[in-house]
Amino acid sequence: MEEKGAENAVAAMAACYQGFDPAAYLQYNYTPPRADFERKDSIVPWKLACLHRAFTEGDVSGELLVDIGSGPTLYQVMSGCEVFNKVLLTDFLEVNRQELRRWLQDEGGCSLDWTPYLQHVCKLEGQRPSAWTEKAAKLRQVIMDIVPVDVHCPQPLALDALPSAGADCLVSCFCLESASPDLAAFTRALGNIGRLLRPGGHLLLIGALGESYYFGGPGVKIPVVPLNEAQVCASLKESGYTLIRLEVYTLPQDMRVGVDDVSGVFFVKAMKE
Ligand SMILES: C[S@@+](CC[C@H](N)C(=O)[O-])C[C@H]1O[C@@H](n2cnc3c(N)ncnc32)[C@H](O)[C@@H]1O
Ligand SMILES: O=[N+]([O-])c1ccc2c(c1)CN[C@@H](CO)C2
């Protein structure tokens, strides 16, 4: 697609996000059955287990963890906050950054109660569930800021958002394929965020497989780049990452709740060359 066409396609994606509704999105994806901590085959516990293992198996370390396209969710940094003393949350929409700030300021008004998530991650860490209050305090202590991001910009973050050495680790969940008009844009975005990461730093990427749309709110249908595992691996290689591990979760029938047409979820641990 020539330059102008690519810019128009990216602008069209941005327009799709104008009606995004954080509370609805959280309701669709972060409540049972997709977030059921009593079910072994629920999606969210699977994601939390992948992230816990990736952050705690000994090769990930440093100062700064950046979450790209945080949305209104915090689960993605609940393990990482024990490994990094600085966490930067980012999103494209002010409504999502506001939702995250409400949690950070701990003055109520959040759209979702993150307590069960904090308790579950404490359990994964071998702690008693009541340690969730300490984990919440730790998370509030290490989150240094919540800033705008655009993965289609060669510089996705404001220049003063990061130290010159770059981030030591990036995490990004369901963002790139949900923000990109096509596979080429997805791959370019992977390269753009890679420039935020120091060489040897790690990328933890969670995303949708075989998804062509999702609802970001009532009647807010957002197109998604349908990916398969081979395309994810090829895009990582093309964008200068070495794949360490790829894990795939296939949705059971009752996890298909009508809010999207996702068929699977991938977890990638990779290293920036
Ligand atoms: C499906 S949500 C993922 C939210 C969260 N990370 C999660 O795991 O559920 C996709 C997110 O991508 C963000 N987004 C949309 N366009 C973007 C862009 N151009 N650059 C960065 N983020 C973008 C949206 O604001 C939204 O929060
Ligand atoms: O089951 N989940 O945990 C879950 C969480 C978030 C999302 C999905 C599934 C599938 N759709 C994406 C948007 O592309 C967002």
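Cut-offs used in this document
- Residues numbered from 1 in each chain as written.
- Chains lettered and ligands numbered in written order.
- Predicted model: local features only at pLDDT ≥ 70, side-chain atom pairs only at ≥ 80, totals over all residues.
- Heavy atoms only, no water.
- 1 Å grid on protein atoms, 1.4 Å probe; cavity = no way out; pocket = protein on both sides within 12 Å on 5 of 7 lines; lining within 4 Å.
- Points joined across faces, edges and corners; volume = space filled by probe spheres on them.
- Helix = DSSP H or I, 4+ residues; strand = E, 2+ residues; numbered from the N terminus.
- Nonpolar A, V, L, I, M, F, W, Y, C, P; charged D, E, K, R; others polar.
- Near = heavy atom within 4 Å.
- Polar contact = N/O pair within 3.5 Å; in protein donor to acceptor, adjacent residues only side chain to side chain.
- Sits in = over half its atoms within 2 Å of the grid points.
- UniProt positions renumbered as here; feature names shortened; annotations may be inferred.
- Contact = heavy atoms within 4.5 Å.
- Buried < 20%, exposed > 50% of the residue type's maximum accessible area, 1.4 Å probe, protein only.
- Core = buried A, V, L, I, M, F, W, Y, C linked by side-chain atoms within 4.5 Å.

A. Local environment of the layout of surface pockets. In this structure, the largest pocket spans a volume of roughly 610 Å³. Residue lining of the largest pocket: 38 residues in total, with Tyr17, Phe174, Cys175, Ser178 and Tyr214 positioned closest to the centre. Breaking the lining of the largest pocket down by element, the ones donating at least two residues are helix 1 (3-16), helix 2 (22-29), helix 3 (43-56) and helix 7 (176-179). For the lining of the largest pocket, the residue count by class is 23 nonpolar, 9 polar and 6 charged. In this model, the second largest pocket occupies a volume close to 220 Å³. Along the walls of the second largest pocket sit 13 residues, with Glu3, Ala6, Val10, His152 and Arg188 positioned nearest its centre. Taken together, the elements giving at least two residues each to the lining of the second largest pocket come down to helix 1 and helix 8 (183-194). The class makeup of the residues in the lining of the second largest pocket is 7 nonpolar, 2 polar and 4 charged.

B. Spatial organisation of the site of ligand 2. Near ligand 2, the surroundings consist of 13 residues, among which Ile43, Lys47, Ser178, Glu211 and Asp260 are the closest. One of the side-chain nitrogen or oxygen atoms of Ser178 is found 2.9 Å away from an oxygen atom of ligand 2. Between an oxygen atom of ligand 2 and a side-chain N or O atom of Glu211, the distance comes to 2.5 Å. The pocket occupied by ligand 2, as judged from atoms lying within 2 Å of grid points, is the largest pocket. Counting residues per element, the ones that place at least two in the shell around ligand 2 are helix 2 and helix 3. A total of 3 residues in the shell around ligand 2 trace back to one element, the largest contributor, which is helix 3. Tallied by class, the residues present in the shell around ligand 2 amount to 7 nonpolar, 2 polar and 4 charged.

C. Looking closely at the UniProt feature "binding site: S-adenosyl-L-methionine" (unreviewed entry) in the protein chain. The positions UniProt marks with the feature "binding site: S-adenosyl-L-methionine" (unreviewed entry) are Tyr25, Tyr30, Gly69, Ser70, Tyr75, Asp91, Asn96, Asp150 and Val151. The greatest C-alpha distance among the annotated residues, which extend across 127 residues, is 23.9 Å, indicating that they are dispersed rather than converging on a single site. Restricting the annotated residues just mentioned to those that line the largest pocket leaves Tyr25, Tyr30, Gly69, Ser70, Tyr75, Asp91, Asn96, Asp150 and Val151. When residues no more than four places from it in sequence are discounted, the contact partners of Tyr30 are Tyr25, Ala35, Val44, Lys47, Thr73, Tyr75, Leu112, Tyr117 and Phe174. For Tyr75, a relative accessible area of 1% translates into the label buried. Once residues lying within four places of it in the same chain are set aside, the contact partners of Tyr75 are Tyr30, Lys47, Leu48, Leu51, Trp114, Tyr117, Cys173 and Phe174. Engagement of the side chain of Tyr75 in a polar contact is seen with the side chain of Lys47, the distance being 3.1 Å.

D. Region of interest: the nonpolar core. Counting residues in hydrophobic clusters, the biggest one holds 56 residues, and the most contacted among them are Tyr30, Tyr75, Trp114 and Tyr117. In terms of residue count, helix 3 provides more of this core than any other element does, 8 residues in total.

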